[in-house]
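Chain by chain, the residues run as shown.
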Amino acid sequence: MKADKKKITLQVYDEQIEVNVIKGEEDKYYDAARFVTKRIITYEKLHCGWKTTHTILLMTMLDIAINLTSTNEYKKGYRSIWRKIIEYLKS
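Residues numbered from 1 in each chain as written. Predicted model: local features only at pLDDT ≥ 70, side-chain atom pairs only at ≥ 80, totals over all residues. Heavy atoms only, no water.

Caption draft 1: The arrangement of the environment of Y13 in detail. Topologically, Y13 is positioned in the loop between strand 1 (5–12) and strand 2 (15–22). For the pair Y13 and T37, spaced 24 residues apart in sequence, the C-alpha separation works out to 4.6 Å. Non-local contacts of Y13, meaning those with residues more than four positions away in its chain, are made with T37, I40, I41 and E44. One polar contact links Y13 to E44, side chain to side chain, over a distance of 2.2 Å. (Helix = DSSP H or I, 4+ residues; strand = E, 2+ residues; numbered from the N terminus. Contact = heavy atoms within 4.5 Å. Polar contact = N/O pair within 3.5 Å; in protein donor to acceptor, adjacent residues only side chain to side chain.)

Caption draft 2: Region of the structure containing the side chain of T60. Residue position: T60 is located in helix 2 (residues 53–69). In terms of polar contacts, T60 uses its side chain to reach the backbone carbonyl oxygen of I56, at 2.9 Å. What T60 contacts, discounting residues up to four positions off in sequence, is V36, R39, I40 and Y43.

Caption draft 3: View of the nonpolar core. I8, L10, V12, V21 and A33 form the largest nonpolar core, which has five residues in total. Per-element tally for this core: the top contributor is strand 1, with three residues. Those residues within four positions of A33 in sequence are excluded, and the remaining contacts are L10, Q11 and V12. (Core = buried A, V, L, I, M, F, W, Y, C linked by side-chain atoms within 4.5 Å. Buried < 20%, exposed > 50% of the residue type's maximum accessible area, 1.4 Å probe, protein only.)

Caption draft 4: The pattern of salt bridges, seen in detail. With the rule as written, the count across this model stands at five salt bridges. In this structure, the salt-bridge partner of K7 is E18, at a minimum N-O distance of 3.7 Å. Of this pair, K7 sits in strand 1 while E18 sits in strand 2, and the two are 11 residues apart along the sequence. The exposure classification of K7 matches that of E18, with both residues exposed. With its nearest N and O atoms 2.2 Å apart, the salt bridge here joins R39 to D63. (Salt bridge = Lys/Arg side-chain N within 4 Å of Asp/Glu carboxyl O.)

Caption draft 5: Quick look at the environment of I17. By secondary structure assignment, the location of I17 is in strand 2. Judged by relative accessible area, I17 falls into the partly exposed class, the value being 33%. It is 9.6 Å that separates the C-alpha atoms of I17 and A33, two residues lying 16 residues apart in sequence. Discounting chain neighbours no more than four positions away, the residues touching I17 are I8, T9, L10 and V12.

Caption draft 6: Geometry of the side chain of T37. Its place among the elements puts T37 in helix 1 (residues 26–47). Here the side chain of T37 touches Y13 through a polar contact of 2.8 Å, landing on its backbone nitrogen. In this structure the side chain of T37 is engaged in a polar contact, spanning 2.8 Å, whose partner is the backbone oxygen of A33. If we ignore the near neighbours within four places in the chain, the residues touching T37 are Q11, V12 and Y13.

Put into structure tokens, the structure is as follows:
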């Protein structure tokens, strides 16, 4: 049986993003959007004026990925996210 889904709009930094989520899990997505936004703002305050927005966003993703890799999720097979980020940064 398919899980019931609900469309929600998240504010992530300066953009609104519509996503479909499983009903009952909306708070996880709202919390994640706030977390990402706070991280972006932190990096922006530190590097605004001498780093591009693109670079600041990549730095934020890298920071979040590094924290992810130190958890059990990394050991359970989420290494591909980390590898994709590294490959993108190298290109």
